[in-house]
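Structural characterization, general
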Amino acid sequence: MLFRSQMTRPRFTRRRASVGRDRWEEIKRQARARGLTPSAVLMTAFADVLRRWSERADLTLNLSLFNRPPLHPRIGEVIGDFTSVVLLGVTGSPTEPFADRARALRQQLMRDLEHSSFSGVQLLRERARQQGGGLSAIMPVVFTSVIGHTVPGSPDGSFGLFGGRGFFGTYRFGISQTPQVALDHQVAEEAGDLYFNWDAVEELFPPRLLDDMFAAYRDLLGRLSRDPGCWDEPSRGVPLPDWQAA
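An account of the accompanying structure is given in this report. (Residues numbered from 1 in each chain as written. Predicted model: local features only at pLDDT ≥ 70, side-chain atom pairs only at ≥ 80, totals over all residues. Heavy atoms only, no water.)

Within the protein chain, the secondary structure is distributed over 7 helices and 8 strands. In the protein chain, which comprises 246 residues, the share counted as buried stands at 43%. Accessible area of the protein chain: about 13,700 Å², with a carbon and sulfur share of 53%. (Helix = DSSP H or I, 4+ residues; strand = E, 2+ residues; numbered from the N terminus. Buried < 20%, exposed > 50% of the residue type's maximum accessible area, 1.4 Å probe, protein only. Areas by Shrake-Rupley, 256 points an atom, 1.4 Å probe, with all protein chains shown as cover.)

Listed below in structure tokens is the structure:
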């Protein structure tokens, strides 16, 4: 494991998995019954895993957002990068029921989006200015969801960036490499399946840690698709692998 200051050329690696249509439909059904969006469910599951390994109840997620403000009648015809970021504070007790935490996180995001004209990038710059720069001003854990976004003319309405054949063709290989990011989690729905990636700077983490975290996240999604009780019962937390617990 290296510290960021010791690295000269960060190297990103990708972990990739999916949830099949039937399991994913069950997760969405359970979410709808509780007034939750699929993205809120996935954000909460991701935060639960981060909480377990960081041993922090409160943390910050860096959310990528598609933000095309209606500044001109023909703005929809403009091709460009309309990505913005929002810094989402994750708070609350990890022992609360999963659905309650997901609901609170979604409500917090809705409040934050009311101030999206002052972006997360601007906020980080201002924070760095007040604190004199340094690593304390970096929010290096990112969550990106394109669930609900469709591409007209695509064979299945998808981008084709995660799996299957979409607007950009058949998926072969992908990676995101963003400066000052340590872990970037992306989710998308394509051809009825859920696809998710973790792109991370491997050297910033101890050996096997990312593998265990990714497996825990995948297992948590599996429990949410199989066990309705884990949505509403007091949370038992994300279990640690035996070797790490020891």
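From this point, things continue past the structure.
The next thing to look at is the pattern of salt bridges. Evaluation of the coordinates by the stated rule reveals 11 salt bridges. The shortest N-O distance in the salt bridge between Asp199 and Arg14 comes to 2.7 Å. Remark: Arg14 occurs in strand β1 (residues 12-19) and Asp199 occurs in strand β8 (residues 193-201); sequence separation between them is 185 residues. Overall, the relative accessible area of 0% leaves Asp199 in the buried class. What makes Arg14 partly exposed here is its relative accessible area of 23%. Within the structure, one salt-bridge network assembled from shared partners comprises Arg15, Glu202 and Asp211. (Salt bridge = Lys/Arg side-chain N within 4 Å of Asp/Glu carboxyl O.)

Per the counting criterion, the structure on display carries 8 aromatic pairs. Summarising the aromatic geometry, the rings of Phe46 and Trp198 are spaced 5.5 Å apart at their centres and angled 65 degrees between planes, so their arrangement reads as edge-to-face. With a gap of 152 residues between them, Phe46 in helix α2 (residues 38-54) and Trp198 in strand β8 connect regions that are remote in the sequence. Both residues of the pair, Phe46 and Trp198, count as buried. Each ring, one from Trp198 and one from Phe214, has its centre 5.3 Å from the other, and the planes form 75 degrees; the classification is edge-to-face. Of the two residues, Trp198 is situated in strand β8 and Phe214 in helix α5 (residues 209-226); the sequence distance between them amounts to 16 residues. Taking relative accessible area as the criterion, Trp198 reaches 1% and is therefore assigned buried. On the basis of relative accessible area, Phe214 is assigned to the buried category, the value being 5%. Here the aromatic residues Phe46, Phe143, Phe196, Trp198, Phe214 and Tyr217 are joined through ring pairs into a cluster of three or more. The lysine or arginine in question, Arg208, covers the ring of Trp243, its NZ or CZ lying 4.0 Å from the ring centre. (Phe/Tyr/Trp six-rings, centres within 6.5 Å; stacked < 30°, edge-to-face > 60°. Lys NZ or Arg CZ within 6 Å of the ring centre and 35° of its normal.)

Over its 17 residues, α2 runs 24 Å from end to end, which matches the ideal 24 Å to within 8%, given 1.5 Å per residue. With 14 of 17 residues buried, α2 lies mostly within the body of the structure. Downstream of α2 by a residue or two, Glu55 has a phi angle that is positive, lying close to 55 degrees. (Expected span 1.5 Å × (residues − 1).)

What follows concerns the pairing of strand β4 (residues 141-145). Most of β4 is tucked away, with 5 of its 5 residues classed as buried. Burial along β4 is two-sided: Val141, Phe143 and Ser145 facing one way and Val142 and Thr144 facing the other are all buried. Sheet topology note: the β4/strand β7 (residues 183-190) ladder contains 5 bridges and is parallel. Its bridge partner lying in β7, Thr144 is registered against Gln186. (Pairing = 2+ DSSP bridges.)

Where helix α1 (residues 21-33) contacts α2, the two axes come as close as 9 Å, and the packing angle between them is 100 degrees. The orientation of α1 with respect to α2, classified from their angle, is roughly perpendicular. Across the interface between the two elements, Trp24, Ile27, Lys28 and Ala31 of α1 pack against Pro38, Val41 and Leu42 of α2. Partitioning the contact of α1 with α2 into residue classes produces 6 nonpolar, no polar and 1 charged. (Axes fitted to C-alpha atoms, helices over the stretch in contact; angles between N-to-C directions. Parallel < 35°, antiparallel > 145°, perpendicular 65-115°, else oblique. Contact = heavy atoms within 4.5 Å. Nonpolar A, V, L, I, M, F, W, Y, C, P; charged D, E, K, R; others polar.)

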